[in-house]
Amino acid sequence: MNVVTTFSPAGWDHYGKRFVDSFLRHWPDEVQLHCFLEGQHIPPGYPKVAWHDLENDPEHQAFCAKYSGPEWNHPTDYNEMSVRFCHKVFAITSPSLPAMGWRVWIDADVLFTRDVTAFLPVLFPPGKALTYLGRQGLMRTYQLAYTECGFVGYNGDVAKVRAMLHDMRQIYTTGRLFELGRHNWHDSYVFDHCRDHHHFGPGWLNNLSENVTGLHVWPHTVLGQCSQHQKGPRRKIEVYGK
């Protein structure tokens, strides 16, 4: 199993280091953590972490250069920040990662609070292709709730999953992201779009929040028993002080 995350230099200082420390404390040693940097130097003292630099990904660099203008990046609306949320997709679809086995995305503003070993069979049941946090209802009057993509597991042993990951990257490299609707320029909508496009039957899907109502679903799932997601600026100020 391979776990993937990414953070900026400021993100490492504010929360990324705490994420890595808590991960190494509470996850089994056989699970490899891959951290994708956004131009900064590799932090010293973490020999168990596999470090990657997104600046070495030419497709990521080309997307950021081409779509860095304000017409592609709203100053306050998260749904229209194409560059801000592209890093997650380029990291989880990176060709430098192992192709097979579970590939798991976890946001770097997560803190693990207890050993996760006992929770792994629930998070990654045998025979499932995807594990994720679905949400119900409306985000806004014009937008259905999209998946909470702070935690997503992709079973790379399933051919359809590998095809889905390929398509997620292609949506960015081809610019098709901007054909999905102006309010959908983020990784969560891309995940939902590609999952639906590949027609996974219910037996393939492990929706951890299937019976949870509301939009902040994380604490009400098995993940809430072993971790905290410091989602949003207000929560980060409360926890990290900045």
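Basis of the calculations
Residues numbered from 1 in each chain as written. Predicted model: local features only at pLDDT ≥ 70, side-chain atom pairs only at ≥ 80, totals over all residues. Heavy atoms only, no water. Helix = DSSP H or I, 4+ residues; strand = E, 2+ residues; numbered from the N terminus. Rg over C-alpha atoms; globule rule 2.2 N^0.38 Å. Contact = heavy atoms within 4.5 Å. Areas by Shrake-Rupley, 256 points an atom, 1.4 Å probe, with all protein chains shown as cover. Lys, Arg positive; Asp, Glu negative; His and termini not counted. Charge placed at Lys NZ, Arg CZ, Asp CG, Glu CD. Core = buried A, V, L, I, M, F, W, Y, C linked by side-chain atoms within 4.5 Å. Buried < 20%, exposed > 50% of the residue type's maximum accessible area, 1.4 Å probe, protein only. Pairing = 2+ DSSP bridges. Axes fitted to C-alpha atoms, helices over the stretch in contact; angles between N-to-C directions. Salt bridge = Lys/Arg side-chain N within 4 Å of Asp/Glu carboxyl O. Phe/Tyr/Trp six-rings, centres within 6.5 Å; stacked < 30°, edge-to-face > 60°. Lys NZ or Arg CZ within 6 Å of the ring centre and 35° of its normal. Disulfide = S-S within 2.5 Å.

Trainee: Mind showing me how you'd approach the overall build of the chain here?
Mentor: The helix and strand inventory of the chain stands at 7 helices and 11 strands. In terms of C-alpha radius of gyration, the chain reaches 17 Å, essentially the compact-globule figure of 18 Å for 242 residues. Each principal axis of the C-alpha atoms in the chain carries an extent, and together these give about 45 × 40 × 35 Å. Considering only residue pairs separated by 6 or more positions, the chain has 69% of its internal contacts joining residues 24 or more positions apart. Here the chain has roughly 11,300 Å² of accessible surface; of this, 54% comes from carbon and sulfur atoms. Across the chain, the 23 positively charged side chains and the 24 negatively charged ones have centroids separated by 4 Å.

Trainee: Can you walk me through the nonpolar core in this structure?
Mentor: One recurring pattern in soluble globular proteins: nonpolar side chains tend to sit buried together. With 36 residues, the main nonpolar core has Phe63, Leu130, Tyr154, Tyr172 and Leu177 as its most contacted residues. Among the elements of the structure, α2 (58-66), α3 (86-92), β6 (130-133), β9 (148-155), α5 (159-173) and α6 (187-197) are those that each provide at least two residues to this core. Broken down by element, this core gets its largest block of residues, 6 residues, from α5. Leaving out residues up to four positions away in the same chain, tyrosine 154 has contacts with Ile92, Gly101, Trp102, Arg103, Ala129, Leu130, Val161, Met164, Leu165, Met168 and Phe191.

Trainee: Would you explain the sheet that holds strand β3 (residues 49-53) in this entry?
Mentor: Sheet strands line up and pair through hydrogen bonds in the backbone, either parallel or antiparallel. One open sheet accounts for 7 strands, arranged β3-β2-β1-β4-β9-β6-β10; its pairing is mixed. Taken across any chain shown, the strands that pair with only one partner, and hence form the sheet edges, are β3 and β10 (205-207). Averaged over all pairs of adjacent strands, the angle between their axes in this sheet comes to 20°, without regard to strand direction. Here β6 pairs with β10 via 3 bridges, running parallel. In the strand pairing of β10, leucine 130 is matched with leucine 205. Of the strands in this sheet, β1 (2-7), β2 (32-37), β3 and β4 (102-106) are in contact with helix α1 (residues 9-26), which crosses β1 at around 160°.

Trainee: Explain the pattern of salt bridges here, please?
Mentor: Close approach of charged atoms lets side chains of opposite charge pair. Inspection of every chain in the model, using the stated rule, returns 9 salt bridges. The salt bridge partner of lysine 48 is aspartate 29, with a shortest N-O separation of 3.9 Å. Here lysine 48, found in the loop between β2 and β3, pairs with aspartate 29, found in the loop between α1 and β2; they are 19 residues apart in sequence, far enough to count as distant. An identical accessibility class is assigned to lysine 48 and aspartate 29; each is exposed. For arginine 169, the salt bridge goes to aspartate 57, with nearest N and O atoms at 2.8 Å. Linking arginine 169 in helix α5 with aspartate 57 in the loop between β3 and α2, this pair joins segments that are 112 residues apart in sequence. The same class applies to arginine 169 and to aspartate 57, which are both buried.

Trainee: What am I meant to see in the packing of aromatic side chains here?
Mentor: Both the distance between ring centres and the angle between the ring planes are used here to describe each pair of aromatic rings. Taken as a whole, this structure holds 25 aromatic pairs when the rule is applied. Their ring planes at 40° and their centres at 4.6 Å tell us that tyrosine 67 and phenylalanine 178 sit as a pair that is tilted. Of the two residues, tyrosine 67 sits in the loop between α2 and α3 while phenylalanine 178 sits in the loop between α5 and α6, which places them 111 residues apart along the sequence. Taken together, the ring pairs connect Phe63, Tyr67, Trp72, Phe90, Tyr172, Phe178 and Trp185 into an aromatic cluster. Lying over the aromatic face of phenylalanine 200, lysine 160 brings its terminal NZ or CZ to 5.5 Å of the ring centre. The ring of tyrosine 132 carries the charged tip of arginine 195 above its face, separated from the ring centre by 5.0 Å.

Trainee: When you look at the state of the cysteines in this model, what are you seeing that I'm missing?
Mentor: The term disulfide refers to a covalent linkage connecting the sulfur atoms of a pair of cysteines. Counted under the stated rule, the structure contains 0 disulfides. With no disulfide partner, cysteine 64 has as its closest neighbouring cysteine sulfur the one in cysteine 86, 3.8 Å distant. Note on cysteine 64: relative accessible area 15%, which makes it buried.

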